[in-house]
Structure formats: C-alpha cells, structure tokens
Amino acid sequence: MPKHSRKTRDADADSRADQIRALPPIDECLRAAEALPALAGLNRSYLKVALQRAQAELRAAILTGRDARPRDRDAMIDAVVRAAAHSVAADEPLLRPVVNATGIVLHTNLGRAILAESAIEAVEMAARSAVNLEYDLETGGRGDRDTIVEDELCALTDAEAATVVNNNAAAVVLALNSLAEGREVIVSRGEMIEIGGSFRLPDVMAKSGAILREVGTTNRTHPSDYADAIGPQTALLLKVHPSNYRVVGFTSEVTLEDLVEIGRARRIDVMEDLGAGALIDLTEYGIPHEPIVRDRIAAGAAIVTFSGDKLLGGPQAGVIVGRRAAIDRVKRNPLKRALRCDKLTLAALSATMRLYLRSGDLAHELPTLRILSRRASEIGAIAPRAREIVAERLGDGYVVEIVDAASQVGSGAMPVEQLKSVALRVTHPEKSANAIAAMFRRARIIGRIADDSFHLDLRTIEDPSVFSVKLETD
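Predicted model only: the values in this text are computed from it and were never measured.

Focus: the nonpolar core
In step 1: Grouped together as the largest cluster of nonpolar side chains are 56 residues, with contacts concentrated most on Leu-237, Phe-306 and Val-321.
In step 2: With five residues, the top contributor of residues to this core is helix α15 (residues 343–358).
In step 3: Listed in part, the 30 residues of the second largest apolar core include Ala-171, Leu-174, Val-204 and Ala-210.

Below you can see the structure in the form of structure tokens.
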C-alpha cells in the first residue's frame with residue numbers, strides 16, 4: 001500500500017475518532033431541545049429517547065464515513081437536536097415495514113411469515129373489541145382459550161387434542177417438563193441441534209428439568225442404541241427432525257415408526273419435535289417435501305411439536321398436538337400459563353387454520369405458500385419492470401442486471417433445498433457491495449450480498465413498485 005494512502009486512511013480514522021469523542025452528552029442535547037418551541041412541550045422521557053436515537057445514528061454515520069463533516073460541539077448538538085425533531089415530527093416506531101429482497105422467504109430477522117388477509121382481519125377484530133377469549137357464551141362461565149384453535153388443529157392433524165404456546169422452543173420445554181421432569185429423555189446425538197440465536201436443544205432440555213440421555217453417534221444411530229439405553233428412569237424417547245441441517249454420507253437414523261415400536265414394547269411414549277412442521281403435502285405445490293404432522297401422529301407419536309410462523313404460514317406460536325392423556329398433562333402444567341398465547345396470536349392462528357380447512361385456493365390466499373410456490377418463469381416476468389425502476393432510481397454509474405438466483409425457505413426449514421429464482425444484480429465501479437447494500441437499507445429495502453455484488457431477489461417481490469423509493473446515491 002502506498003505511504004500516502006496509508007497516511008490518508010490513518011488521518012481519516014483519527015478524524016472520525018475525534019468526532020466521536022466530541023459527541024455531546026444527552027443532557028446537553030436535552031437542554032437545547034427543550035429550548036425549542038416544537039419540542040418543549042413533549043414528555044421528557046420521550047424526548048430523551050428521540051435524542052439518544054439521533055445521537056446513535058450520528059455516531060454510526062461518523063464511524064462508517066457517511067458523515068465526515070467536521071463539526072464543533074455546538075454544531076453537533078444542533079445536528080442531534082434537528083435529527084430528533086425530525087424523528088418526533090415523523091413519529092415513527094422502531095418496528096417499521098421493510099422490503100424483503102434477500103431471497104429468504106421465512107426470514108427470522110424480518111419477522112418470518114406474512115399473515116393472510118383473513119388472519120390480519122381477525123387480529124384487528126380482536127384488538128378493537130372485547131372477545132370471548134376465556135368466556136363460554138353458552139353457559140356464561142369461564143372458558144378455555146385453547147378451544148379457539150384446538151378443533152381446527154385436531155382436524156388438520158388427526159390428533160386427539162392440541163394446545164399452543166408462544167413459540168416452538170416453549171412447546172418443547174413445556175412438553176418435556178410436563179412428561180419427563182426429573183426423569184430421562186433418550187435422544188440421538190445426531191439430533192442435538194442448535195436452533196438459532198445460539199439456543200441449543202440440550203440447553204433447552206436442561207431448562208425443562210428433564211435429564212438428557214444421548215445415544216448413538218453424530219452420524220449413525222441404530223434401534224439398539226435406544227433399546228439398550230432404556231431403564232427405570234426413562235420417561236420419553238425423543239426424535240428431533242433436522243429442519244436446519246443435513247448430515248450426508250455414511251449415516252443412519254432410526255425412523256419414527258421404529259422408535260414407536262421400541263417405545264410400545266417398553267410402554268414408553270415417543271415425542272417428536274418437527275421444528276418447522278407442514279400441515280399439507282408441499283410437493284403438490286412444487287416445494288420440497290417436509291414431514292407432515294398428520295403422518296407423524298399416524299405413525300404413533302404421542303406428542304408432536306412445531307412452529308406456527310414457519311411452513312404453516314401463521315403467527316409466531318408453538319403448537320403441541322398428540323394423544324389426549326399427554327396433552328392434558330401439558331395443559332395442567334402451571335408453566336403453561338407463563339407460556340400461553342394472547343388473543344391476537346390465537347385470532348391469527350385460528351384464521352390461518354380455517355384457511356387450511358376451507359380455502360379452495362390455499363396457494364393464493366396463504367402468502368407463505370404463494371411465495372414459496374412461485375415458479376422462476378413467473379418471477380422472471382416482473383424482472384424487466386423491476387430492473388427499470390431500480391435503474392431509474394439509482395441513476396448514472398450503476399449497473400442493474402437480471403440474473404438467475406437461488407432462494408431459500410429460511411428459518412431452519414429445508415436448509416439444503418434451493419428454490420429457483422430471479423434477481424437484480426446491482427454494481428458500481430467505485431462502490432462496494434456493502435456500500436450499495438447500506439444505501440438500500442436506508443430506504444428499507446433489504447437485499448443480500450453474493451459474489452461481491454449486491455442482489456435483490458425477486459421471489460418475495462410481487463409488485464415491483466416497492467422499489468419506487470428515494471435512494472441516497474451520493
């Protein structure tokens with residue numbers, strides 16, 4: 001690297017460090033803000049939050065080099081207060097709508113499944129009025145909130161009973177605590193997964209109070225491994241569907257059917273955690289196969305747990321279905337109250353279940369299924385218009401190309417399966433892919449970086465006009 005280039009970089013770094021050190025404390029900004037008529041009448045705590053966010057944004061802009069203008073202390077106070085005033089005028093919440101052009105359909109960081117219109121209407125109804133959440137309209141007595149979704153879940157899975165909690169990790173914890181607290185749960189070592197956010201199944205199981213007993217090896221587990229491990233303290237045999245990874249090569253696993261046979265011989269129930277969980281045969285819609293909950297119940301699982309906001313396409317929830325005796329034990333657990341769903345979640349989940357039962361065109365009405373089942377040719381049909389809009393917003397110097405792409409289901413579902421898609425590749429001779437990605441993020445359009453270039457995957461884009469936003473290209 002040339003010496004003058006290194007010196008320039010060092011000088012820039014020193015300048016940014018000086019600017020960061022010169023950032024005024026919030027108390028000074030607060031005094032300046034309260035002197036402005038437009039801000040003076042606001043609640044002090046609210047104003048302080050707005051100033052803290054404005055200061056954090058200015059710090060980030062300085063650190064990334066987006067704002068390299070030298071300022072004295074008064075100018076910095078003015079910049080923070082002006083930014084806070086703008087934020088207050090807009091009064092935007094931190095949870096904001098974004099455009100998901102990452103190619104990951106069920107993106108955990110972007111909220112996973114988009115709800116069907118009927119589910120959105122159900123949430124709005126429940127939010128606007130009192131509802132019979134735990135009120136029996138026939139008797140006038142106390143009702144059970146599980147009845148809001150239980151009949152639909154049983155109809156879709158052929159389970160004897162069902163209950164729901166706030167996510168699938170909670171479902172696993174609650175089921176294990178209800179059925180195996182203080183006793184052993186036997187599980188294959190090859191199924192000891194990490195479920196995202198560094199949450200590992202062994203840790204989740206430990207919190208349930210169950211005693212983990214691993215059998216087999218990472219790549220091979222045999223029926224005899226389970227049979228030999230069963231003892232007086234064994235409460236459950238657990239199977240975990242590898243929804244977020246695949247082991248390939250020299251492998252062997254015990255099927256659910258074989259595990260159920262082993263359990264029946266020793267009068268021990270089998271529980272399966274499907275993770276994502278599918279209620280229908282996805283291959284009918286051109287989507288790779290995932291285990292169907294009804295089939296797992298038919299195979300003899302006493303308890304099956306799965307997510308509401310993944311392949312099911314509903315709100316965040318953990319669904320527990322199975323034999324009535326097992327579900328009754330789960331429902332009686334005091335921990336169930338701590339993990340239960342609120343009226344908004346139950347309203348959305350119930351509406352989603354009704355779609356599965358009643359819709360004549362589920363692939364059209366359920367956004368998750370509609371987006372996952374889109375063909376590459378359908379996606380490609382909107383690509384020229386999308387390219388035209390993005391190129392016009394970017395202006396000269398940027399190259400916008402239509403390229404083949406591979407989307408992912410996301411959220412731990414079908415980790416090795418890719419869905420053919422089409423994307424826009426955006427490049428600039430003087431700007432890095434990271435810089436272009438940051439520019440789009442500021443416009444709340446989230447894409448991905450691949451092969452040193454920025455991509456906007458069009459699988460989740462049904463209307464190209466979402467790209468008709470102002471982009472700060474300078």
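Having seen the structure, we can now continue with the description.
Here we look at the layout of surface pockets
In step 1: Size it by volume and the largest pocket reaches roughly 1,200 Å³.
In step 2: Taken together, 26 residues make up the lining of the largest pocket; nearest its centre are Glu-57, Arg-66, His-86, Arg-96 and Arg-442.
In step 3: Of all elements in the fold, only α4 (44–64), α5 (73–90) and α19 (433–442) reach the threshold of two or more residues within the lining of the largest pocket.
In step 4: Looking at the lining of the largest pocket residue by residue, the classes come out as 12 nonpolar, two polar and 12 charged.

Quick look at the sheet that holds strand β13 (residues 453–457)
In step 1: Pairing within the open sheet is antiparallel, and its four strands lie in the order β9-β10-β13-β12. Pairing within the sheet leaves two strands with one partner each, and these edge strands are β9 (399–407) and β12 (448–450). Across the sheet, the mean angle from the axis of one strand to that of its neighbour is 40°, orientation sign disregarded.
In step 2: In this sheet, β13 lies alongside β12 in antiparallel orientation, the contact comprising three bridges. From the neighbouring strand, Ala-450 faces β13, where its bridge partner is Ser-453.
In step 3: Packing of helix α18 (residues 376–394) onto the sheet brings it into contact with β9, β10 (419–427) and β13, and relative to β10 it is tilted by some 15°.
In step 4: Sheet strands touched by α19: β10, β12 and β13. Its angle to β13, the strand with the most contacts, is close to 40°.

Quick word on empty space enclosed by the protein
In step 1: Going through the model one piece at a time under the given rule, you end up with one cavity of 30 Å³ or more.
In step 2: There is about 60 Å³ of room inside the largest cavity.
In step 3: Taken together, Ala-278, Leu-279, Ile-280, Leu-282, Leu-311, Tyr-356, Leu-366, Thr-368, Leu-369 and Leu-372 make up the full set of residues lining the largest cavity.
In step 4: No other element matches helix α17 (residues 367–372), which puts three residues into the lining of the largest cavity.
In step 5: Counted by class, the lining of the largest cavity contains nine nonpolar, one polar and no charged residues.

Overview of helix α11 (residues 256–265)
In step 1: Residues of α11 that are buried include every one of Leu-256, Leu-259, Val-260, Ile-262 and Gly-263, and no others. Take α11 and look down its axis: the buried residues cluster within an arc of 160°, on one side only. Turned more than 90 degrees from where α11 packs its buried face, Glu-261, Arg-264 and Ala-265 sit exposed.
In step 2: Packed against the buried residues of α11 are α10 (223–229), β5 (234–240), β6 (269–275) and α12 (293–298).

Some points on a negative patch on the surface
In step 1: Side chains of Glu-257, Asp-258, Glu-261 and Asp-295 sit close together on the surface and give a patch of like negative charge.
In step 2: Broken down by element, the negative patch gets its largest block of residues, three residues, from α11.
In step 3: Note that Glu-261 resides in helix α11.

Quick word on the packing of helix α6 (residues 117–128) against α15
In step 1: Contact pair α6 / α15: the axes reach a minimum separation of 8 Å and the direction vectors enclose 150°. Taken together, the axes of α6 and α15 lie roughly antiparallel to each other. In the crossing of α6 with α15, the sense of the turn from one axis to the other is right-handed. Of the residues in α15, those touching α6 at Ser-118, Ala-119, Ala-122, Val-123, Ala-126 and Ala-127 are Lys-343, Leu-344, Ala-347, Ala-348, Ala-351, Thr-352 and Leu-355.
In step 2: Here the residues of the contact of α6 with α15 are counted per class, giving 10 nonpolar, two polar and one charged.

Criteria and thresholds
Residues numbered from 1 in each chain as written. Predicted model: local features only at pLDDT ≥ 70, side-chain atom pairs only at ≥ 80, totals over all residues. Heavy atoms only, no water. Core = buried A, V, L, I, M, F, W, Y, C linked by side-chain atoms within 4.5 Å. Buried < 20%, exposed > 50% of the residue type's maximum accessible area, 1.4 Å probe, protein only. Helix = DSSP H or I, 4+ residues; strand = E, 2+ residues; numbered from the N terminus. 1 Å grid on protein atoms, 1.4 Å probe; cavity = no way out; pocket = protein on both sides within 12 Å on 5 of 7 lines; lining within 4 Å. Points joined across faces, edges and corners; volume = space filled by probe spheres on them. Nonpolar A, V, L, I, M, F, W, Y, C, P; charged D, E, K, R; others polar. Pairing = 2+ DSSP bridges. Axes fitted to C-alpha atoms, helices over the stretch in contact; angles between N-to-C directions. Contact = heavy atoms within 4.5 Å. Arc of directions from axis to C-beta. Patch = residues over 30% accessible without salt bridge, like charges linked within 9 Å, V, L, I, M, F, W, Y side chains within 5 Å. Areas by Shrake-Rupley, 256 points an atom, 1.4 Å probe, with all protein chains shown as cover. Salt bridge = Lys/Arg side-chain N within 4 Å of Asp/Glu carboxyl O. Lys, Arg positive; Asp, Glu negative; His and termini not counted. Charge placed at Lys NZ, Arg CZ, Asp CG, Glu CD. Parallel < 35°, antiparallel > 145°, perpendicular 65-115°, else oblique. Left-handed = near helix turned anticlockwise from the far one by under 90°.

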